[in-house]
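# A closer look at the structure
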Amino acid sequence: MNTSTSTPTPERILHRLDWQVIRRLDGLLQGDYRSLFRGFGVDFADLREYQPEDDIRYIDWNVSARMNTPYVRQYMEDREVIAWFLLDLSPSVDFGTLQNQKRNVLIDFVATLARLLTRHGNRVGAMMFGSAIQRTVPARSGRLQVLRIINDLLNQPRLNHSSMTDLGALLKGGLHSIKKRSLVFVVSDFISTPGWERTLNLLSQHHEVIAIRLWDPREMDLPDIGPIVMEDAETGEQLYVDTHDKKFRKRFREAAQQRELALNDSFKRAGVDVLPLSTEEDMIHAIVRFVMMRRQRRR
């Protein structure tokens, strides 16, 4: 991701994204942003026999019982989309290089998707979470709404340290506050105390949920740079380690891989698709790859 040496303002950020990201996405996706979404805000259209790749949430159990074979409901998408961004702004989201932290990726993604949605008349809202839900922006449409969300994100205080993040509190906030069926983006690094998985499952039963997983390569594989002091971004706890130690780097890598497997399993059980966003990858490539994956699966 490119960064600007100028002081970031909502107008500058949106102008940069309009020119560097959204125009390129328009060309690559040819306006097919519906491939990002599936069955939100929908009207019933038809019934058809179940296929292995279908979402089991759309099985019509009454018809399936009468026909003695599974049938799923097909839906026709409404013209208007209501989208919500549930945003994790806890201390670990400030991890990354001086040039690009996970928080920067979060802001760019939210601004890009909010812009794409609102310019077609859809409404977007946001819930911002630090140690608790700190700010809620009601869902509205228009360019001004995008600038309002960017401005609120820029003005959210950075927490130096806190108790371990409870992502479940953010998900519960969304579950209790978002009444109409919506498209919900959960944007987080998913570094949290356990227990949020069940709430994610409940949220996905009421809404179309997409998990946006923020990550930095240094969280997966430690570079060999000698003795360093590692600090837990959430609690501030410090640990002296020697990254020359191959065994330590191996244990670190294996622990990261195990966490990755556990996360992917949680997303799969909740029926939630995942868009991973790295601090070192072009966001456009990540979004296009995600769209292609969903498009292929639907075929």
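Let me begin by describing the structure that accompanies this report. These numbers come from a predicted model, not from an experiment. (Residues numbered from 1 in each chain as written. Predicted model: local features only at pLDDT ≥ 70, side-chain atom pairs only at ≥ 80, totals over all residues. Heavy atoms only, no water.)

## Let's talk about the overall build of the protein
Looking only at helices and strands, one finds 8 helices and 10 strands in the protein. Scored against the burial criterion, the 299 residues of the protein give a buried share of 46%. Pairs at least 24 apart in sequence give 73% of the contacts found in the protein among residues at least 6 apart. Accessible surface, the protein as shown: approximately 15,300 Å² in total, 51% of it carbon and sulfur. (Helix = DSSP H or I, 4+ residues; strand = E, 2+ residues; numbered from the N terminus. Buried < 20%, exposed > 50% of the residue type's maximum accessible area, 1.4 Å probe, protein only. Contact = heavy atoms within 4.5 Å. Areas by Shrake-Rupley, 256 points an atom, 1.4 Å probe, with all protein chains shown as cover.)

## Digging into the sheet that holds strand E6 (residues 183-188)
An order of E5-E4-E3-E6-E7-E10 is seen for the 6 strands of this open sheet, with the pairing classed as mixed. In the strand order of this sheet, the two ends are held by strand E5 (133-140) and strand E10 (273-278), each with one partner. Adjacent strand axes in the sheet meet at a mean angle of 15 degrees when their direction is disregarded. Across 5 bridges, the pairing between strand E3 (residues 82-88) and E6 is parallel. Looking at the pairing, Trp84 lines up with Val184 of E6. (Pairing = 2+ DSSP bridges. Axes fitted to C-alpha atoms, helices over the stretch in contact; angles between N-to-C directions.)

## Describing helix H3 (residues 102-118)
Taking 1.5 Å of rise per residue, the 17 residues of H3 would be expected to cover 24 Å, and the 24 Å separating its terminal C-alpha atoms lies within 8% of that figure. The element H3 is largely enclosed, with a buried count of 16 among its 17 residues. (Expected span 1.5 Å × (residues − 1).)

## So, helix H6 (residues 196-206)
Inspection of H6 places Trp196, Thr199, Leu200, Leu203 and Ser204 among the buried residues, and these make up the whole buried set. Taken end-on, H6 shows its buried residues confined to a sector of 140 degrees, consistent with a single buried face. (Arc of directions from axis to C-beta.)

## Describing the side chain of Ser192
Considering the arrangement of structural elements, one finds Ser192 in the loop between E6 and H6. In this structure the side chain of Ser192 is engaged in a polar contact, spanning 2.9 Å, whose partner is the backbone nitrogen of Leu167. (Polar contact = N/O pair within 3.5 Å; in protein donor to acceptor, adjacent residues only side chain to side chain.)

## Structural notes on the nonpolar core
Counting 47 residues, the largest nonpolar core has Phe85, Leu87, Leu106, Phe109, Leu153, Phe185 and Leu277 as the members making the most contacts within it. Those residues in contact with Leu153 that lie beyond four places of it in its chain are Leu87, Leu89, Arg103, Leu106, Ile107, Val110 and Met128. By size, the runner-up hydrophobic cluster in this structure holds 23 residues, among which are Ile82, Leu167, Ile178 and Phe267. (Core = buried A, V, L, I, M, F, W, Y, C linked by side-chain atoms within 4.5 Å.)

## Comments concerning the side chain of Thr112
Residue position: Thr112 is located in helix H3. From its side chain, Thr112 meets the backbone oxygen of Asp108 in a polar contact 2.8 Å long. Excluding anything up to four places from it in sequence, Thr112 contacts Leu17, Val21, Ile22, Leu25 and Met283.

## Section: the packing of aromatic side chains
Per the stated rule, a full pass over the model turns up 5 aromatic pairs. Between Trp196 and Phe267, the ring centres sit 6.1 Å apart and the planes meet at 45 degrees, which makes this aromatic pair tilted. Of the two residues, Trp196 is situated in helix H6 and Phe267 in helix H7 (residues 246-270); the sequence distance between them amounts to 71 residues. Phe267 carries the same exposure label as Trp196, and that label is buried. Grouped by ring-pair contacts, the aromatic residues Phe85, Phe109 and Phe185 constitute a single cluster. (Phe/Tyr/Trp six-rings, centres within 6.5 Å; stacked < 30°, edge-to-face > 60°.)

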